[in-house]
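Chain by chain, the residues:
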Amino acid sequence: LQFWVALPVHLEDMDPSFHHHGHDEIPRLNGEAHEVTIVAGGASPLRAHSPMTFQVVKAKGEGVYSYSAPEFELAVYLVKGSLTVEGKSFPGNQM
């Protein structure tokens, strides 16, 4: 899965850059029902020019994952399985 984020207008002409972060530098959280990798935002070392949170959440089975959404647009892409958010169900392979 690859994602692109638009730069803020005032930074659109900046030089491109690349920063590698090793597997051991990316924060992970393990719960009873899930494993969360924090790719961007929060404790992640990834630098971004737009406010964002990018998390990879892997369910270990049926369970609950709670997340307090930030004050900006939020999207979820479900690769496999199904998801229920505030009582509304979503099938896999859709955003």
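The present account deals with the structure reproduced in this document. (Residues numbered from 1 in each chain as written. Predicted model: local features only at pLDDT ≥ 70, side-chain atom pairs only at ≥ 80, totals over all residues. Heavy atoms only, no water.)

A closer look at the overall build of the chain
Applied cut-off: Runs of H or I in DSSP of at least four residues are treated as helices and runs of E of at least two as strands, each being numbered from the N terminus. Relative accessibility under 20% of the residue-type maximum defines a buried residue, over 50% an exposed one, and the middle range a partly exposed one, all with a 1.4 Å probe and only protein chains included. The contact rule is simple, with two residues in contact once any of their heavy atoms fall within 4.5 Å. Exposure was quantified through the Shrake-Rupley algorithm and a 1.4 Å probe, taking into account, for residues, occlusion by the shown protein chains and nothing else. Charge assignment: positive for Lys and Arg, negative for Asp and Glu; neither His nor the chain ends contribute. One atom stands in for each charge, and that atom is NZ of Lys, CZ of Arg, CG of Asp or CD of Glu.
A tally of regular secondary structure across the chain gives zero helices and five strands. In sequence order, the secondary structure elements of the chain are arranged as β-β-β-β-β. Taking the principal axes of its C-alpha atoms as reference, the chain extends roughly 45 × 30 × 25 Å. Split into buried and exposed, the 95 residues of the chain put 16% on the buried side. Excluding contacts between residues fewer than 6 apart, the proportion of contacts in the chain whose partners are at least 24 apart in sequence is 32%. Carbon and sulfur atoms make up 54% of the accessible area of the chain, which totals about 8,100 Å². Across the chain, 6 positive and 11 negative side-chain charges occur, with their mean positions spaced 10 Å apart.

Section: the layout of surface pockets
Here is the rule: Computed over the protein atoms alone on a 1 Å grid, cavities are sets of points where a 1.4 Å probe fits but cannot get out and pockets are open sets with protein on both sides within 12 Å along at least five of seven lines; a residue lines them when it has an atom within 4 Å of a point. Grid points are joined across faces, edges and corners, and a volume is the space filled by probe spheres set on the points. Ten residue types, Ala, Val, Leu, Ile, Met, Phe, Trp, Tyr, Cys and Pro, are classed as nonpolar, four, Asp, Glu, Lys and Arg, as charged, and the remainder, Gly among them, as polar.
By volume, the largest pocket is sized at about 1,900 Å³. What lines the largest pocket is a set of 42 residues, and nearest its centre among them are Gln-55, Ala-75, Val-76, Tyr-77 and Leu-83. Elements with a contribution of two residues or more to the lining of the largest pocket: strand S3 (54-59) and strand S4 (82-85). At six residues, S3 tops the list of elements feeding residues into the lining of the largest pocket. Tallied by class, the residues present in the lining of the largest pocket amount to 26 nonpolar, twelve polar and four charged. Each pocket or cavity is described by its volume, and for the second largest pocket that value is around 970 Å³. Surrounding the second largest pocket, 23 residues form its lining, Phe-3, Ser-17, His-19, Leu-46 and Arg-47 being those nearest its centre. Along the lines of polarity and charge, the residues of the lining of the second largest pocket split into 14 nonpolar, seven polar and two charged.

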